[in-house]
Amino acid sequence: MHLLEKLEAMNRVQTGEDLHRFAARLYPICRSITGEGIRKTLGMIQEQIPLQLVEVASGTPVFDWVVPKEWNIRDAYIKVPGGDRVVDFQRSNLHVLNYSSPIRATMPLSALRPHLFSLPEKPEWIPYRTSYYKENWGFCLSHNQMQALEDREYEVCIDSSLEEGHLTYGECILPGRSAEEVLISCHACHPSLANDNLSGLAVATFLARLLSGDDLQYTYRFLFIPGTIGAIAWLARNQETADAIRHGLVLTCLGDPGGFHYKKSRRGDAEIDRAAAHVLAHHAEAAEILDFSPYGYDERQYCSPGFNLPVGCLMRSVWGTFPEYHTSADNLEFIRPAALAESLRICTAILDVLETNQTYRSLNPYCEPQLGKRNLYPAGGGEAIQREISARLWVMNLCDGEHSLLDIAQRSGLPFSMIRDAAELLHASGLLEAVPGPRGGESDHHEEFREDVHPGR
Ligand SMILES: [Zn+2]
């Protein structure tokens, strides 16, 4: 059974709820780029899929960077001496500037103010701020909370530690028939933020679960890593392994109700770029293809010129463009079970293309073969049958040893699965032979015209 069929045989509503429930379990953990929060998160992913945890010591040089000290936090608050907490980490882990150095002091509001962050334009939301590479301390609070602070002395406590330790990441490898790899990468370093972080983690975990135990063409490598420094550390330790990556996807922001966005790899015409564009072109909702840019998520590292890996990024709403981004409003209500389930389906459809994209050669190239005598040309029939016949004719015409099935799907405007099923049928009927060699994507020959993603159907 093909991957997409396997997914579609599952109850979609149930899958969406399971994805959301998994994100909800991870939500309360105070994650960062190092420390117990990310370890605990990886431990919970490990309950679902075979995940290996890798520890990289603080101080380890990784290309131009150095693995930072490990950060852990137990508690933090601002309180009126002898009174109640006015800002409390126990209520939201976003209240602390992530990576804050420890502090215990009493100070007037004027001294505290430079360490407070709020969002005047969204007075009820708590912003998410970090200070990984410059030692600092601070609190994030809603603007309403900020304005309610009286001009007086406050007790300030951040019970954190910033010490020599480790950076932790998780790696799940699912072996396929080929040593060539597909990389799926997502960041696991944000605290209680649902779309930016947990949606990618949940979809990637479920995708790995769907793939595991399957007879796979490619070897799959899933990385659950702290953003930027995690990808850099992985690449520094795996330069040779990276050579085996043929296709890759960074998964993030996959739970909000917005339309899909696929950001192309630096190469721009890699097979993953064409597969993602094709799947989204045949998707019922609006979708947009974005050109590569050197900012965003970890595709920046995978697509740095020394590696230039064919890795794109799949999102629904693009980071920084939705108001909830990096605020307390990116919560469990912002991500929806149905959106998560559909994101999993799109990822599966893209992998389904990569897994079965193949080049064939017609064994009957002189004029059309007579499909009727092989029971491959049913008379009459409705629109569905007509489309199937059309797929067979396209396949017989373009299977010349040069065009991959994805090329044919793009040129015919028919969905890849229909072209693939037609090719498998014609192959079984002895009309095609598989062409050995690079699968689908490596030929210099790409169709001239591009499939445009429609603005919603
Ligand atoms: Zn983020």
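Quick caveat, the model's predicted, so the values are computed rather than measured.

K.L.:
So, the pattern of salt bridges: which residues are in play, and what are the values?
P.N.:
Summed over all chains, the structure comprises 23 salt bridges. Notably, a salt bridge pairs R12 with E342, separated by 2.2 Å at the nearest N-O pair. Here the residue R12 occupies a position in helix α2 (residues 12-26), and E342 occupies one in helix α11 (residues 337-356), the gap between them amounting to 330 residues. Taking relative accessible area as the criterion, E342 reaches 5% and is therefore assigned buried. In this structure, the salt-bridge partner of R74 is D159, at a minimum N-O distance of 3.3 Å. Separated by 85 residues along the polypeptide, R74 in strand β4 (residues 70-79) and D159 in strand β9 (residues 153-163) bring together distant segments of the chain. Overall, R74 belongs to the partly exposed group, its relative accessible area being 45%.

K.L.:
How would you sum up the packing of aromatic side chains? Please name residues and give values.
P.N.:
Evaluated as defined, the whole model comprises 11 aromatic pairs. Pairing W65 with Y133 gives two aromatic rings, centres 5.4 Å apart and planes at 75 degrees, and the pair type is edge-to-face. Here Y133 lies in the loop between β7 (116-117) and β8 (139-140) and W65 lies in strand β3 (residues 65-66), a separation of 68 residues in the sequence. Residue W65 is classed as partly exposed on the basis of its relative accessible area, which comes to 32%.

K.L.:
Tell me about the sheet that holds strand β17 (residues 359-362), and please be specific about residues and values.
P.N.:
Sheet strands line up and pair through hydrogen bonds in the backbone, either parallel or antiparallel. In spatial order, the strands read β18-β17-β19; together these 3 strands make up an open sheet with antiparallel pairing. Each edge of the open sheet carries a strand with a single partner, namely β18 (400-404) and β19 (432-434). Taking each pair of neighbouring strands and ignoring which way they run, the sheet shows an average axis angle of 35 degrees. Sheet topology places β17 next to β18; 2 bridges connect them, and they run antiparallel. Considered in β18, the bridge of T359 is made with S404.

K.L.:
Before we move on, could you go through helix α14 (residues 416-428) and cite the residues and values that matter?
P.N.:
Given 3.6 residues per turn, any residue in an α-helix points the same way as the ones three and four places further on. For α14, with 13 residues, the first-to-last C-alpha span of 18 Å sits near the 18 Å given by 1.5 Å per residue. Of the positions making up α14, those classed as buried are F416, M418, I419, R420, A422, A423 and L426. The elements touched by buried residues of α14 are α9 (271-281), α11, β17, α12 (383-398), α13 (405-412) and β19.

K.L.:
I'd love a proper account of the nonpolar core, names of residues and values included.
P.N.:
One finds I184, Y220, F222, F224, L251, L314 and L351 to be the most contacted residues of the largest nonpolar core, which totals 82 residues. A per-element tally of this core places helix α6 (residues 194-211) first, with 11 residues. Among residues more than four places away in sequence, those in contact with Y220 are C172, I173, L174, V182, L211, L351 and E355. In terms of nonpolar packing, the next biggest core, distinct from the first, is built from 63 residues, M107, W137, I232 and V318 among them.

Calculation notes
Residues numbered from 1 in each chain as written. Predicted model: local features only at pLDDT ≥ 70, side-chain atom pairs only at ≥ 80, totals over all residues. Heavy atoms only, no water. Salt bridge = Lys/Arg side-chain N within 4 Å of Asp/Glu carboxyl O. Helix = DSSP H or I, 4+ residues; strand = E, 2+ residues; numbered from the N terminus. Buried < 20%, exposed > 50% of the residue type's maximum accessible area, 1.4 Å probe, protein only. Phe/Tyr/Trp six-rings, centres within 6.5 Å; stacked < 30°, edge-to-face > 60°. Pairing = 2+ DSSP bridges. Axes fitted to C-alpha atoms, helices over the stretch in contact; angles between N-to-C directions. Expected span 1.5 Å × (residues − 1). Contact = heavy atoms within 4.5 Å. Core = buried A, V, L, I, M, F, W, Y, C linked by side-chain atoms within 4.5 Å.

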